[in-house]
Amino acid sequence: MTSDPRSAVIAAARQFYQLGWMVGTAGNLSVRLEDSSFWITASGKQKGDLRDRDFVRINPNGTVIESPNPNNRPSAETSIHQTIYDLFPDVCACYHVHSVEANIAANFSRDGYLPLPPLEMIKGLGIWQENPEVKIPVFENHLAVRDIATEVRDRFQAAPPDIPALLIRNHGVTVWGSSPTVAQNYLEIAEYLFRYLVVARQIT
Ligand SMILES: CSCCC(=O)C(=O)COP(=O)(O)O
Ligand SMILES: [Zn+2]
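Residues numbered from 1 in each chain as written. Chains lettered and ligands numbered in written order. Predicted model: local features only at pLDDT ≥ 70, side-chain atom pairs only at ≥ 80, totals over all residues. Heavy atoms only, no water.

An unreviewed UniProt entry lists the protein chain under the name Methylthioribulose-1-phosphate dehydratase, with Lusitaniella coriacea LEGE 07157 given as the organism. In the Catalytic activity (unreviewed entry) part of its UniProt record, the protein chain is described as follows: "5-(methylsulfanyl)-D-ribulose 1-phosphate = 5-methylsulfanyl-2,3-dioxopentyl phosphate + H2O". Turning to the protein chain, the UniProt record has this under Sequence similarities (unreviewed entry): "Belongs to the aldolase class II family. MtnB subfamily." (UniProt positions renumbered as here; feature names shortened; annotations may be inferred.)

Let us now look at the coordination of the zinc ion (ligand 2). Coordination of the zinc ion (ligand 2) by the protein involves Glu77 (OE), His96 (NE2), His98 (NE2) and His171 (NE2), with metal-donor separations of 2.1 to 2.5 Å. The site at the zinc ion (ligand 2) holds six donor atoms, and with the angles between them running 72 to 178 degrees, its shape is octahedral. In primary sequence terms, the donor set of the zinc ion (ligand 2) follows E-x18-H-x1-H-x72-H. One end of the pair, His96, is in strand β5 (residues 93-97); the other, His171, is in the loop between β8 (165-168) and β9 (172-177), and 75 residues separate them in sequence. Comparing His96 with His171 shows no difference in burial state: the two are buried. (Donors = N, O, S within 2.8 Å, 3.2 Å for Na, K, Ca; no water. Tetrahedral: all angles 85-135°; square planar, octahedral: opposite > 155°, others 65-115°. Helix = DSSP H or I, 4+ residues; strand = E, 2+ residues; numbered from the N terminus. Buried < 20%, exposed > 50% of the residue type's maximum accessible area, 1.4 Å probe, protein only.)

Now the structure itself:
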């Protein structure tokens, strides 16, 4: 029997919380199951000590199909996860966090993209090029999260992203991968690159 994939998400959330990326209930993490439904963190949960009961299971059309606690509401940002799973059939985990560095770095963007530094770490995002010119898409933050999700869908259908990540300005980063471990690695690399950009601006 395979273990419940929520355990990997709970461990990741604890680490991200300790890194200061999920303070004050910020962020939401999801994992997709074989039947295409996905578990997502319930809205407003403290992310440092999640339990299996702190999730909601969503079917691909966005409706709740399982809630271990009747008081749980799906993450307010479920529509973004739903959009990513719909656009990318091989994706099994989608992680969204709020770091200080991501919010500063997003403001270095131009014309809806943030160029990333050509560091060796880029290989960890699946780009194996000499002096890679990689950019992360940056979306405006909207009070109506569905508007962000619609913009993500429209833009990615027209131009798929270089890397499995997007930024929402003054909000945070979202990454996705083929498993919780892959998504965690992508998130750690993205945050490393944001930190690099912020520090580089300070010393150059
Ligand atoms: C203090 S976090 C504000 C909402 C947000 O951006 C977020 O990531 C958490 O929302 P959720 O509904 O998933 O708790
Ligand atoms: Zn958020």
